[in-house]
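# Residue-level structure breakdown
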Amino acid sequence: MIIVASSNGKVGISAAMRVLRNGGSAIDAVEAGIRLVESNPQDKTVGLGGIPNLLGEVELDASIMDGQTLAAGAVGALQGYEHPISIARKVMEELPHVLLVGSGAERFAAEMGFDRRELLTEEAKEVWEERLHKAIPETMLANLKEEPALRQWVKRVRESPWAGGTVNFLAQDADGNICAGVSTSGQGWKYPGRVGDSPLIGAGNYADNRYGAAACTGLGEMAILAGTARSVVLYLKMGLPLEEAGRQAMKDLHALASLYPGTMNIVALDKDGRHAAFSNREEAVYIYMTGETDEPEELPRVLVPTGENNRRG
Ligand code: GLY
């Protein structure tokens, strides 16, 4: 039994491990762990308290993949629900679809009995406003919602780097089944409706019991363009050891360096429970717990540069 997570998963990893110790499945553990991160208002990159889009709306993305069946569920650009990971799980279990977005995802959440809630906290609003006021003239800010050309302002606000985030959980249960889950509020100040890698199976999330699993945090556009999570699992399928599979998936990002010189982080797990994580930033870490450990352990990620200028965010 093992759980591997991005370091902001610390608030949920012990609960996830308790689920496994009590005989729960990898899917139950991933959902339980991520829900606690989604409820943590201190985390400005996931769920409640996430930094909103350019118009001040918190839009959430999440996905979950079952490595036993290869079934997956995901939601994108979801507003007004605290636990996108649970709604993603319901998409996987209740619909003949993989991904729902926007108003359709919200309709489905209501249909499944999830409660609506305001996700914009005062603290997140302050951070959001501070940057808006620096980048956009006051006259424009007053009518931003009516502004027909938002794209220039998204670029302006996002010119200075922002330490983005997202949470990843990978779990392998006592039966050897693997599950991967990802949840995020995405890029702060994004264009409304922007969807990142987190709900895109193959980009930010992939799990297959036969080989392993991987999930990403960082600049989602990079993982989308390189199919990063699926690449790790495909390299495992091709017989590469875990550390080499992760390195190769990171090296694939080199080709994007001039277009997207951003941060990329991967957590990975192979079918035998070996784990590793990768980053193009120095001093990045991840956490894990096994059935034998009482506390989460922190380990360094393998540093794999992907370009000349690894901007944060
Ligand atoms: N990796 C999260 C995002 O780019 O939305």
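Computed from a predicted model, the values in this text were never measured in an experiment.

## Re unusual backbone geometry
Positive phi outside glycine occurs at Leu70, with the angle close to 70 degrees. In this fold, Leu70 is placed in the loop between strand 2 (60–66) and strand 3 (72–78). The backbone phi angle of Trp189 is positive, close to 60 degrees, even though this residue is not glycine. By the element assignment, Trp189 lies in the loop between strand 6 (178–184) and strand 7 (205–208). The buried category is assigned to Trp189, whose relative accessible area is 1%.

## A word on a nonpolar patch on the surface
Nonpolar side chains collect at one region of the surface, where Val98, Leu99 and Val101 lie side by side and expose about 220 Å² of accessible area between them. Note on placement: Val101 falls in strand 4 (residues 99–101).

## A few points about the side chain of Gln187
Within the secondary structure, Gln187 is located in the loop between strand 6 and strand 7. A distance of 3.0 Å separates polar atoms of two side chains, one belonging to Gln187 and the other to Glu221. Leave out the neighbours within four places in its chain, and Gln187 touches Arg158, Arg194, Leu219 and Glu221.

## Notes on the packing of helix 3 (residues 84–94) against helix 4 (residues 102–111)
Each packed pair of helices is defined by two parameters, the angle between the axes and the distance between the axes. Their axes nearest at 10 Å, the elements helix 3 and helix 4 cross at an angle of 80 degrees. In terms of their interaxial angle, helix 3 and helix 4 are classed as roughly perpendicular. Contacts between helix 3 and helix 4 involve Ile87, Lys90, Val91 and Glu94 on the former and, on the latter, Ala105, Phe108 and Ala109. Each residue belonging to the contact of helix 3 with helix 4 can be placed in one class, and the counts come to 5 nonpolar, no polar and 2 charged.

Procedures and definitions
- Residues numbered from 1 in each chain as written.
- Predicted model: local features only at pLDDT ≥ 70, side-chain atom pairs only at ≥ 80, totals over all residues.
- Heavy atoms only, no water.
- Helix = DSSP H or I, 4+ residues; strand = E, 2+ residues; numbered from the N terminus.
- Buried < 20%, exposed > 50% of the residue type's maximum accessible area, 1.4 Å probe, protein only.
- Patch = residues over 30% accessible without salt bridge, like charges linked within 9 Å, V, L, I, M, F, W, Y side chains within 5 Å.
- Areas by Shrake-Rupley, 256 points an atom, 1.4 Å probe, with all protein chains shown as cover.
- Salt bridge = Lys/Arg side-chain N within 4 Å of Asp/Glu carboxyl O.
- Polar contact = N/O pair within 3.5 Å; in protein donor to acceptor, adjacent residues only side chain to side chain.
- Contact = heavy atoms within 4.5 Å.
- Axes fitted to C-alpha atoms, helices over the stretch in contact; angles between N-to-C directions.
- Parallel < 35°, antiparallel > 145°, perpendicular 65-115°, else oblique.
- Nonpolar A, V, L, I, M, F, W, Y, C, P; charged D, E, K, R; others polar.

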